Amino acid sequence: MKKILLGLIFFGISLTSFAQTSADYNYSIALKAFSMMQLPKVLNQTNTQDYTKMFANGVIFKFNDNQINYRISGNYFRKNNVEFDNTCATCEIANGKVTDYSFKVGFEKNFNYSRIQPYFGFDLGYRSNRFTGTVTPRSSMVQSTNQTADATKNGLVLTPVLGLKVNIIPQLSVFAESNLDFYYSYEKQDVTQPNGVGRTVTTYRKWEFLLNPISAGLQFSLNNKN
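Every chain begins its residue count from 1, and numbering advances along the sequence as written. Local features in this predicted model are restricted to residues whose pLDDT is 70 or higher, and side-chain atom pairs enter the listing and the counts only when it is 80 or higher, whereas totals over whole chains, interfaces and linings include all residues. Remark: hydrogens and water are excluded; side-chain values derive from all non-hydrogen atoms of the structure.

K.L.:
I'm lost on the packing of aromatic side chains in this one. Help?
P.N.:
How two aromatic rings sit relative to each other is given by the distance of their centres and the angle of their planes. Each aromatic pair joins two rings of Phe, Tyr and Trp (for Trp, the six-membered one) with centres within 6.5 Å, and gets the label stacked for planes under 30 degrees apart, edge-to-face for over 60, and tilted for any other angle. Applying the stated criterion across every chain yields a total of eight aromatic pairs. Ring plane angle 85° and centroid distance 5.8 Å describe the contact between Tyr 27 and Phe 63, whose orientation is recorded as edge-to-face. Linking Tyr 27 in strand β1 (residues 25-37) with Phe 63 in strand β2 (residues 52-65), this pair joins segments that are 36 residues apart in sequence. Residue classification places Tyr 27 among the partly exposed positions, given a relative accessible area of 38%. A ring pair is formed by Phe 84 and Phe 131, whose centres lie 5.5 Å apart and whose planes are at 65°; its orientation type is edge-to-face. With Phe 84 in strand β3 (residues 68-86) and Phe 131 in strand β5 (residues 116-137), this pair connects stretches of sequence that are 47 residues apart. Secondary structure elements follow DSSP: runs of H or I no shorter than four residues count as helices, runs of E no shorter than two count as strands, and numbering proceeds from the N terminus. Accessible area is worked out with a 1.4 Å probe on protein chains only. A residue is then buried under 20% of its type maximum, exposed over 50%, and partly exposed in between.

Below, the structure written as structure tokens:
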């Protein structure tokens, strides 16, 4: 029993000293290796609740101040040949390229100094989303005409964050976090008929709530304070 107690005490002291060492760095760089996110709605897209998998799509720079880290983050995603039902499953099919990127500033606060550190945070920033491609009727009763579509969204994003960080060694940590984007955007949809015989431009201002269940990656600590 005494050996067990001594072992637990030694383990606790080791974790404390380890955490103190890992906190002795001024800056950190976190690389997002994998993310699963909801993208903003494009045109009259029907599958807006689907999640998109992304790899190596973001980076976070952190300025460490004890339990509070000030963070600057950026995300970028681009994918060709994106296909989805437009308006309804039997109405139209859209196909094209999606480009989505964001830039945010904010903070995160650790709950403790231990090796396993849960944290919460909040980011504020700018997000842009663009789709360029074609929209084609699905019905054989309608003449097959490819309309050209260019839909853009630009606006403000507010993002509460909840995450977990595990220190492997003082200079290296593994992290995973989840967040919810409150996205207020100005949207412009520009749809052109074949040969330019007609053109429809519509604009909107609206809120979207986009869940990003997980982003995971590695964090590197730099510039020891001592």
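There is more to say, and it comes next.
K.L.:
What is the right way to read the sheet that holds β1 from this model?
P.N.:
Backbone hydrogen bonds hold the strands of a sheet together, and the pairing may be parallel or antiparallel. Strand order in the closed barrel formed by eight strands is β1-β2-β3-β4-β5-β6-β7-β8, with antiparallel pairing between adjacent strands. Averaged over all pairs of adjacent strands, the angle between their axes in this sheet comes to 20°, without regard to strand direction. Taken together, the 10 bridges between β1 and β2 define a ladder with antiparallel strand orientation. Its bridge partner being in β2, Ile 29 is matched across the sheet by Phe 61. The pairing criterion is simple: DSSP has to find at least two bridges between the two strands. Note on method: axes are straight lines fitted to C-alpha atoms, helices fitted across the in-contact stretch only, with angles between N-to-C directions ranging 0 to 180 degrees.

K.L.:
Help me understand the pairing of β2 in this model?
P.N.:
Residues in a regular strand point their side chains to alternate faces of the sheet. Inspection of the sheet shows β2 paired to β3 by eight bridges, in the antiparallel sense. Paired with Asn 64 across the strands is Asn 69, a residue of β3. In textbook terms, the turn of a hairpin is the stretch between consecutive antiparallel strands, and for β2 and β3 this stretch comprises two residues, one of which, Asn 66, has a positive phi near 60°.

K.L.:
Would you explain the environment of Asn 154 in this entry?
P.N.:
Mapped onto the elements of the fold, Asn 154 is located in strand β6 (residues 147-169). Since its relative accessible area comes to 30%, Asn 154 is described here as partly exposed. In this structure, the C-alpha to C-alpha distance between Asn 154 and Tyr 183, residues 29 residues apart in sequence, is 9.2 Å.

K.L.:
I tried to follow the side chain of Thr 136 on my own but got confused; where do I start?
P.N.:
Mapped onto the fold, Thr 136 is located in strand β5. Thr 136 sits in the buried class, given a relative accessible area of 15%. Any N or O atom pair separated by 3.5 Å or less is treated as a polar contact, with the protein-specific requirement of one donor-capable and one acceptor-capable atom, and with residues adjacent in sequence counted only for side-chain atom pairs. Separated by 2.4 Å, the side chains of Thr 136 and Asn 146 make a polar contact.

K.L.:
Where do I start with empty space enclosed by the protein in this structure?
P.N.:
Vacant regions in the atomic arrangement are exposed by a probe of water-molecule size rolled over the atoms. Of the two site types, the cavity is a set of points on a 1 Å grid over the protein atoms alone where a 1.4 Å probe fits but cannot get out, and the pocket is an open set with protein on both sides within 12 Å along at least five of seven lines, each lined by residues with an atom within 4 Å of a point. Grid points are joined across faces, edges and corners, and a volume is the space filled by probe spheres set on the points. Scanning all chains against the criterion turns up three cavities of 30 Å³ or more. If you add up the space inside the second largest cavity, you get close to 110 Å³. Lining the second largest cavity are 15 residues; nearest its centre among them are Lys 32, Met 37, Asn 75, Lys 104 and Asn 179. Listing elements by their share of the lining of the second largest cavity, those giving two or more residues are β1, β3, β4 (92-110), β5, β7 (172-192) and β8 (199-224). Charged means Asp, Glu, Lys or Arg here, nonpolar means Ala, Val, Leu, Ile, Met, Phe, Trp, Tyr, Cys or Pro, and polar covers whatever is left, Gly included. Each residue belonging to the lining of the second largest cavity can be placed in one class, and the counts come to one nonpolar, seven polar and seven charged.

K.L.:
Is there a simple way to think about the pattern of salt bridges in this case?
P.N.:
Two side chains that carry opposite charge are able to pair once their charged atoms sit near each other. The rule for a salt bridge is simple: a side-chain nitrogen of Lys or Arg has to be within 4 Å of a carboxyl oxygen of Asp or Glu. Tallying each qualifying case throughout the model produces 12 salt bridges. Among the ionic pairs, Glu 108 bridges to Arg 71, the shortest N-O distance being 2.7 Å. One end of the pair, Glu 108, is in strand β4; the other, Arg 71, is in strand β3, with 37 residues separating them in the sequence. A residue is classified by how much of its surface remains accessible, and Glu 108, at 0% relative accessible area, is buried. Here Asp 123 makes a salt bridge to Arg 71, at a shortest N to O gap of 3.2 Å. Here Asp 123 is found in strand β5, whereas its partner Arg 71 is found in strand β3, with 52 residues between them in sequence. In this structure Asp 123 comes out as buried when scored by relative accessible area, which is 2%.

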